[in-house]
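Geometric and topological summary
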Amino acid sequence: MAGTMQLEQAAGESGWQLEILEDPARQGKRLDSVAEFMDFLRCGKHSDGEMYILTEGISKLKLETSLPETLHQACLTKQSTVEALLNTLDRGDPWAGELFWWPPGETKREEVCGVDLCNKLLRYRPFAETCYVAEMRRSKRALHGQSLEMTDTLTLTDVKDLASFQLPFWDRGHGFLGSAGAGICLHVDQAWWSNVAKNFFGNKLVALWGPGTRVLDTCGGELFRKPLCERHLAALAECRRVALLRPGDVACFTGGLPHTTLVLGSALNLTFYESFLNWNCDNLDLLLSGLQRRVDQAWWQNNMEPKFVETVLGDIVRVAGDFIEDSEDHEKFVSLLRTRPLTAARLVQAGIQERLRPGTAKRRCLR
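Scope of this entry: the structure provided in the associated data block. Bear in mind that the values here come from a model prediction, so they are computed numbers and not experimental data.

Let's talk about the packing of aromatic side chains
All told, the structure shown has 12 aromatic pairs when counted by the stated rule. Their ring planes at 40 degrees and their centres at 6.4 Å tell us that Tyr132 and Phe176 sit as a pair that is tilted. In this pair, Tyr132 sits in strand 5 (residues 131-138) while Phe176 sits in strand 8 (residues 169-178), placing the two residues 44 residues apart along the sequence. Seen in terms of ring centroids, Phe176 and Tyr273 are 5.1 Å apart; in terms of plane orientation they differ by 80 degrees. Their pairing is edge-to-face. Separated by 97 residues along the polypeptide, Phe176 in strand 8 and Tyr273 in strand 14 (residues 269-277) bring together distant segments of the chain. Tyr273 matches Phe176 in its accessibility class, with the two residues each being buried. Taking NZ or CZ as reference, Arg109 lies 3.6 Å from the ring centre of Phe100, over its face. The lysine or arginine in question, Arg109, covers the ring of Trp299, its NZ or CZ lying 3.6 Å from the ring centre.

Spelled out as structure tokens, the structure:
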């Protein structure tokens, strides 16, 4: 397709090895079928490092109008992350988010401090170094226009609204905006759940490592950008999946394994991520394992704060008690909830332990 970034250009701009980007055994699985993509989202195994990409998924899922119009237009007309957002933000409706930048030649990020996102952008405005805005969201939670739940998301419609099924946990998530040379440093998410990446604008490389990797020991918290050092080249040679997300693509993969991204091309890159847990027991096991980590580690491998752990586990237990699917996968899912210390006590506290015992559960199809 004319104007579409090809892997050769991506390798040239990023310094990532072309042979790795082109390796069929490493590439994320590209789909044209919405049904197949949604099935992977609902019950697929993500904990082994698999990645599915719905080509032109934004249009196929009819999410083109899900962004605030001012943000949509700014991403199309501006080449600076700072200027795009300063032209978008409404002082009467402040946004929150983290603003990061990299000194020339450095791979570890610095953070800009401020009372809100607008204040951070104004403080950083005089500088020319590459920057990246992460976890972009509203400062105050408000009623969602469709579900009427309280949320801080900026998007009007999400994949969550389009699904014909209920999941144990589904958070609407936040936005990430940056220009070429920026991205997310190598890390694992604070919660080891799965992600849906809605790549609205721009091009982005994504690399994902598999279970058992030690890549965080050697490259944790670092951005894989030019010029790549030998450690980064060696790390990329061991990645499980790699993909070039083009404008309009929607991807699904776990955040519980090490991953990194890098923005490419002349256009701004805007991606919104939704976080969720599906009904696959391996994914539940990965999430529960991650929630048992210490909370005093470096940011790229740290656990969630205890109050957020409680919220996530509470939501999972509540949904598991309310929505029972007559399937072997669901029986295994609730059995694992009963046997893991993190969730067993919460089942009892919620008064749904009896309902989740084999043979006593009330059968109700997922909506």
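Now that the structure is up, let's keep going.
Some thoughts on the sheet that holds strand 10 (residues 203-208)
Read across the sheet, 3 strands follow the order 11-10-13 without closing on themselves; strand pairing throughout is antiparallel. Whereas interior strands pair on both sides, the edge strands pair on one side only; in this sheet they are strand 11 (241-245) and strand 13 (259-264). Each strand of the sheet is rotated relative to its neighbour by a mean of 15 degrees, with strand direction disregarded. By the bridge criterion, 6 bridges tie strand 10 to strand 13 in an arrangement that is antiparallel. Bridged to Leu208 within strand 13 is His259.

A look at the side chain of Arg225
Structurally, Arg225 is set in the loop between helix 9 (215-219) and helix 10 (230-236). In this structure the side chain of Arg225 is engaged in a polar contact, spanning 2.9 Å, whose partner is the backbone oxygen of Glu106. Dropping the residues within four chain positions of it, Arg225 is found in contact with Ser14, Trp102, Pro103, Gly105, Glu106, Thr130, Gly181 and Leu262.

Comments concerning unusual backbone geometry
With an omega of -10 degrees, the peptide bond running from Lys226 to Pro227 counts as cis. With a phi angle near 55 degrees, Glu56 is a residue other than glycine that sits in the positive phi range. Inspection of the secondary structure assignment puts Glu56 in the loop between strand 2 (52-54) and helix 4 (57-60). A positive phi angle, close to 55 degrees, is found at Glu135, a residue other than glycine. Following the sequence through the fold, Glu135 ends up in strand 5. Overall, the relative accessible area of 31% leaves Glu135 in the partly exposed class.

Here we look at a nonpolar patch on the surface
A cluster of nonpolar side chains, contributed by Leu143, Leu148 and Met150, occupies part of the molecular surface with about 330 Å² of accessible area. Considering the arrangement of structural elements, one finds Met150 in strand 7 (residues 150-151). Under the relative-accessibility criterion, Met150 is labelled partly exposed at 43%.

Concerning the sheet that holds strand 2
Remark on secondary structure: sheet strands pair via backbone hydrogen bonds, oriented parallel or antiparallel. With mixed pairing, 9 strands are arranged side by side in an open sheet as 1-2-12-9-14-8-5-3-4. Of all strands in the sheet, those bounded by a partner on one side alone are strand 1 (29-31) and strand 4 (110-112). This sheet shows a mean twist of 25 degrees between the axes of neighbouring strands, independent of strand direction. Examined bridge by bridge, strand 9 (residues 194-201) and strand 12 (residues 250-254) share 5 bridges and lie antiparallel to one another.

Structural notes on the environment of Cys219
Here Cys219 is to be found in helix 9. Note: C-alpha distance between Cys219 and Ala235 (16 residues apart in sequence) is 7.8 Å. For Cys219, the residues in contact, after removing those within four places along its chain, are Leu186, Phe224, Arg231, His232 and Ala235.

Description of helix 13 (residues 328-339)
For helix 13, which comprises 12 residues, the first-to-last C-alpha distance of 17 Å matches the rise-based estimate of 16 Å (1.5 Å per residue) to within 8%. Three or more residues of helix 13 are buried, namely His330, Glu331, Phe333, Val334, Leu336, Leu337 and Arg338.

Re the pairing of strand 10
The element strand 10 is largely enclosed, with a buried count of 6 among its 6 residues. For strand 10 and strand 11, the ladder comprises 5 bridges, and the chain directions are antiparallel. Pairing of Lys204 across the sheet is with Leu245, part of strand 11.

What counts, and where the lines are drawn
Residues numbered from 1 in each chain as written. Predicted model: local features only at pLDDT ≥ 70, side-chain atom pairs only at ≥ 80, totals over all residues. Heavy atoms only, no water. Phe/Tyr/Trp six-rings, centres within 6.5 Å; stacked < 30°, edge-to-face > 60°. Helix = DSSP H or I, 4+ residues; strand = E, 2+ residues; numbered from the N terminus. Buried < 20%, exposed > 50% of the residue type's maximum accessible area, 1.4 Å probe, protein only. Lys NZ or Arg CZ within 6 Å of the ring centre and 35° of its normal. Pairing = 2+ DSSP bridges. Axes fitted to C-alpha atoms, helices over the stretch in contact; angles between N-to-C directions. Polar contact = N/O pair within 3.5 Å; in protein donor to acceptor, adjacent residues only side chain to side chain. Contact = heavy atoms within 4.5 Å. Patch = residues over 30% accessible without salt bridge, like charges linked within 9 Å, V, L, I, M, F, W, Y side chains within 5 Å. Areas by Shrake-Rupley, 256 points an atom, 1.4 Å probe, with all protein chains shown as cover. Salt bridge = Lys/Arg side-chain N within 4 Å of Asp/Glu carboxyl O. Expected span 1.5 Å × (residues − 1).

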